[in-house]
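Below, each chain spelled out in residue letters.
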Amino acid sequence: MKDFPASPLVIAHRGYRMRFPENTLPAFDAAWNAGARMVELDVQWSRDGRIMVHHDTSLERCSNGKGMVREHNAYFLRQLDAGSWFSRAFAGTVIPFLEEVVAGVPEGGWLNVEVKPEAVSEAKNMSRMLASLMAICAPLKGRIVVSSFHHGFLKQLARLPHAPFIGVLSSRWQKEEALLAFATELKAFAWHPDHRGLEKTVVRRMKEAGLRVYPYTVNDQDRAAALLAMGVDGFFSDDAEILKGRDGYDST
Ligand code: G3P
Ligand code: MG
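- The name that an unreviewed UniProt entry assigns to the chain is Glycerophosphodiester phosphodiesterase family protein, with the source organism given as Desulfobotulus pelophilus.

### Remarks on the overall build of the chain
(1) Moving on: Each helix and strand counted, the chain has 9 helices and 9 strands in total.
(2) Moving on: Expected size for 252 residues packed as a compact globule is a radius of gyration near 18 Å; at 17 Å, the chain falls within 12% of this value.
(3) Moving on: For the chain, the spread of C-alpha atoms along the three principal axes comes to 50 × 40 × 35 Å.
(4) Moving on: For the chain, the residues scored as buried account for 53% of the 252 residues in total.
(5) Moving on: Sequence separation of 24 or more characterises 55% of the internal contacts of the chain that already satisfy a separation of 6 or more.
(6) Moving on: Surface summary for the chain: the accessible area is close to 11700 Å², and the carbon and sulfur share equals 51%.
(7) Moving on: Across the chain, the 31 positively charged side chains and the 30 negatively charged ones have centroids separated by 3 Å.

### Some details on the coordination of the magnesium ion (ligand 2)
(1) Moving on: In the first shell of the magnesium ion (ligand 2), the protein supplies E40 (OE), D42 (OD) and E114 (OE), at 1.9 to 2.2 Å from the metal.
(2) Moving on: We note that the donor set of the magnesium ion (ligand 2) lies within a single chain, spaced as E-x1-D-x71-E. Of this pair, D42 sits in strand β2 (residues 38-45) while E114 sits in strand β4 (residues 110-115), placing them 72 residues apart in sequence.
(3) Moving on: By relative accessible area, which is 5% here, E114 ends up buried.

### Overview of the packing of helix α6 (residues 151-158) against helix α7 (residues 176-186)
(1) Moving on: Running from amino to carboxyl end, α6 crosses α7 at an angle of 20°, the nearest separation of the two axes being 10 Å. As the angle between them shows, α6 and α7 are arranged roughly parallel. Counting all contacts with α6, which are made through H151, L154, K155 and A158, the residues of α7 involved are L179, F182, E185 and L186.
(2) Moving on: Tallied by class, residues from the contact of α6 with α7 come to 5 nonpolar, 1 polar and 2 charged.

The rules behind each value
Within every chain, residues take consecutive numbers counted from 1 along the sequence as written. As they are written, the chains are lettered A onward and the ligands numbered 1 onward, keeping that order. Predicted model: local features are reported for residues with pLDDT of at least 70 only, side-chain atom pairs are reported and counted for 80 or more only, and whole-chain, interface and lining totals are derived from all residues. With hydrogens and water excluded, all non-hydrogen atoms of the structure serve as input to the side-chain values. A run of H or I in DSSP becomes a helix once it reaches four residues, and a run of E becomes a strand once it reaches two; helices and strands are each numbered from the N terminus. It is over C-alpha atoms that the radius of gyration is taken, and the globule rule equals 2.2 Å times the number of residues to the power 0.38. Here's how the labels work: a residue is buried when its accessible area is under 20% of the maximum for its type, exposed when over 50%, partly exposed in between, all with a 1.4 Å probe on protein chains only. The criterion used for residue contact is that any of the two residues' heavy atoms lie within 4.5 Å. To be clear on the numbers: accessible area is Shrake-Rupley with a 1.4 Å probe, and residue cover counts the displayed protein chains and nothing else. Neither His nor the chain termini are counted; the positive set is Lys and Arg, and the negative set is Asp and Glu. Charge positions are represented by NZ for Lys, CZ for Arg, CG for Asp and CD for Glu. Note that water is not among the atoms used; donors are N, O and S atoms within 2.8 Å of the metal (3.2 Å for Na, K and Ca), so sites may look incomplete. Only the contacting stretch of a helix is used when fitting its axis, a line to C-alpha atoms as for every element, and angles between N-to-C directions run 0 to 180 degrees. For classification, angles of less than 35 degrees are called roughly parallel, those exceeding 145 degrees roughly antiparallel, those between 65 and 115 degrees roughly perpendicular, and all remaining angles oblique. The nonpolar class holds Ala, Val, Leu, Ile, Met, Phe, Trp, Tyr, Cys and Pro. Asp, Glu, Lys and Arg form the charged class, and all remaining residues, Gly among them, are polar.

Structure below.
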């Protein structure tokens, strides 16, 4: 695939989450500065339809706000502090708009936008939601993988005339047969499984069907090595530098 980062690919999970407040501009900047070639982030929609970069549906864990992201307008959400919960050094860090993260992607960098299932379930107008997502990501000129646990959403996405690369996310309890059939029907680019319990035979099957395989979320070096030995193309990690210095790994 032209321009797609070579394997093994470490996808910086929620930015450089291990050392920075997740899903914030400092975390994304740090990941790019550490040599990441792809960064993952999670999106939710504000009440007034802005795309906010935030993992949880609720605000409590990663900000000083209360309630759900979708219950508040962007103006309110932008007043919140999304850094202090991690460290006082990040006081005043805001919940980013997706367009801010897109603007910070360096040349050749790729984004993986994970659309949270609750955001889709609550959506009143799916086509407007898809249109705004694709418009905001247009400056990336195709350097984007959109993924979701909400497979109905991925189906809609795949029908777009200029559909992005699609990553099919799955939990460890979903059956590989059904996932493979679904990913094939969608012409998905990649499978993003839970790394726990992942087996070599399944990885091989998925790869034989033409899918890239990127398990989440791997922070242990021995587990990373074991997964790479199974044939995965890379993995999501909170540690953007987990493979740095390893033989044969080029982060640039
Ligand atoms: O996209 C991979 C991974 O981020 C999926 O799980 O909960 O960390 O968003 P979660
Ligand atoms: Mg995610």
